[in-house]
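Observations on chain architecture
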Amino acid sequence: MKIDAKDLLFVALAGLVLAGVFFVSGEETTKRVPYDAAHRTTYDVLKKSGSRQEAERGCGTCHNETANPLPAGHPPENRCLFCHKIERAAR
Ligand code: HEC
Ligand code: HEC
């Protein structure tokens, strides 16, 4: 099959729309990580390391099957901070 510029444009536009929908819905519906005592370490690590992946490592200590469990049907992904944004004020 021959791929011309029009096909590429279509793919690019479709991707943009999808990304926009994902971004908007995630931003509006998913709870932020609260800026409270329990999440103080999260914000400290984030500030010091500048790495969300580093900060995410601590989530499981408090959020697991026994303590503060994730709700049923929670997405199984491990990149917590992709969906649960940090509070803007704390940046
Ligand atoms: C020191 C323990 C601790 C750690 C570490 C921790 N949490 Fe929590 N988390 C809690 C507790 C306790 C609550 C419920 C009370 C509250 O809102 O603080 C909670 C609540 C939440 C909520 C729900 C907030 C709401 O509005 O209902 C989210 C989302 C959350 N945590 C995400 C995270 C993520 C993401 C991480 C890792 C980056 C994380 N937590 C690390 C203890 C912790
Ligand atoms: C793919 C997106 C996604 C990822 C990744 C993700 N979550 Fe969630 N999480 C959600 C959604 C959606 C909900 C339910 C709706 C809401 O919180 O507003 C939720 C709910 C929660 C709640 C309950 C909030 C409440 O009080 O109702 C906690 C706690 C939580 N997530 C913690 C975590 C932790 C910890 C991680 C990393 C191990 C994580 N999440 C990764 C999307 C995600």
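Our subject in this report is the structure included herewith. Just so it is clear, the model here is predicted, and its values are computed rather than measured. (Residues numbered from 1 in each chain as written. Chains lettered and ligands numbered in written order. Predicted model: local features only at pLDDT ≥ 70, side-chain atom pairs only at ≥ 80, totals over all residues. Heavy atoms only, no water.)

Every one of the 17 residues lining ligand 1 counts as a neighbour, but Asp36, His39, Cys59, Cys62 and His63 are closest to it. Measuring from a nitrogen atom of ligand 1, one finds a side-chain N or O atom of histidine 39 at 2.8 Å. Here histidine 63 contributes a side-chain N or O atom positioned 2.7 Å from a nitrogen atom of ligand 1. If you list the elements that add at least two residues to the shell around ligand 1, you get helix H4 (59–62) and helix H5 (80–83). Residues of the shell around ligand 1, tallied by class, amount to 8 nonpolar, 6 polar and 3 charged. (Near = heavy atom within 4 Å. Polar contact = N/O pair within 3.5 Å; in protein donor to acceptor, adjacent residues only side chain to side chain. Helix = DSSP H or I, 4+ residues; strand = E, 2+ residues; numbered from the N terminus. Nonpolar A, V, L, I, M, F, W, Y, C, P; charged D, E, K, R; others polar.)

All right, on to the coordination of the iron atom of ligand 1 then. Every protein donor of the iron atom of ligand 1 is listed here as His39 (NE2) and His63 (NE2), and their distances to the metal cover 1.9 Å. Seen from the iron atom of ligand 1, its 6 donor atoms lie at angles of 88 to 179 degrees, and the figure they make is octahedral. Of the two residues, histidine 39 sits in the loop between helix H1 (5–29) and helix H2 (40–49) while histidine 63 sits in the loop between H4 and H5, which places them 24 residues apart along the sequence. (Donors = N, O, S within 2.8 Å, 3.2 Å for Na, K, Ca; no water. Tetrahedral: all angles 85-135°; square planar, octahedral: opposite > 155°, others 65-115°.)

It is worth spelling out the site of ligand 2 at this point. Ligand 2 sits among 15 residues. The nearest are Thr29, His74, Cys80, Cys83 and His84. Lysine 31 places a polar side-chain atom, nitrogen or oxygen, 3.1 Å from an oxygen atom of ligand 2. The contact in question runs from a nitrogen atom of ligand 2 to an N or O atom on the side chain of histidine 84, over 2.8 Å. Partitioning the shell around ligand 2 into residue classes produces 6 nonpolar, 6 polar and 3 charged.

Our focus in this paragraph is the packing of aromatic side chains. The final tally for this structure, using the stated rule, is 1 aromatic pair. An angle of 70 degrees between the planes, with centres 4.7 Å apart, marks the rings of tyrosine 35 and tyrosine 43 as edge-to-face. When its relative accessible area of 45% is taken as the criterion, tyrosine 35 is described as partly exposed. Taking relative accessible area as the criterion, tyrosine 43 reaches 6% and is therefore assigned buried. (Phe/Tyr/Trp six-rings, centres within 6.5 Å; stacked < 30°, edge-to-face > 60°. Buried < 20%, exposed > 50% of the residue type's maximum accessible area, 1.4 Å probe, protein only.)

What follows deals with the coordination of the iron atom of ligand 2. Four donors placed tetrahedrally around a metal ideally meet at 109.5 degrees, and six donors placed octahedrally ideally meet at 90 or 180 degrees. Distances from the iron atom of ligand 2 to its protein donors, namely His74 (NE2) and His84 (NE2), fall within the range 1.8 to 1.9 Å. Using a relative accessible area of 24% as the deciding quantity, one classes histidine 84 as partly exposed.

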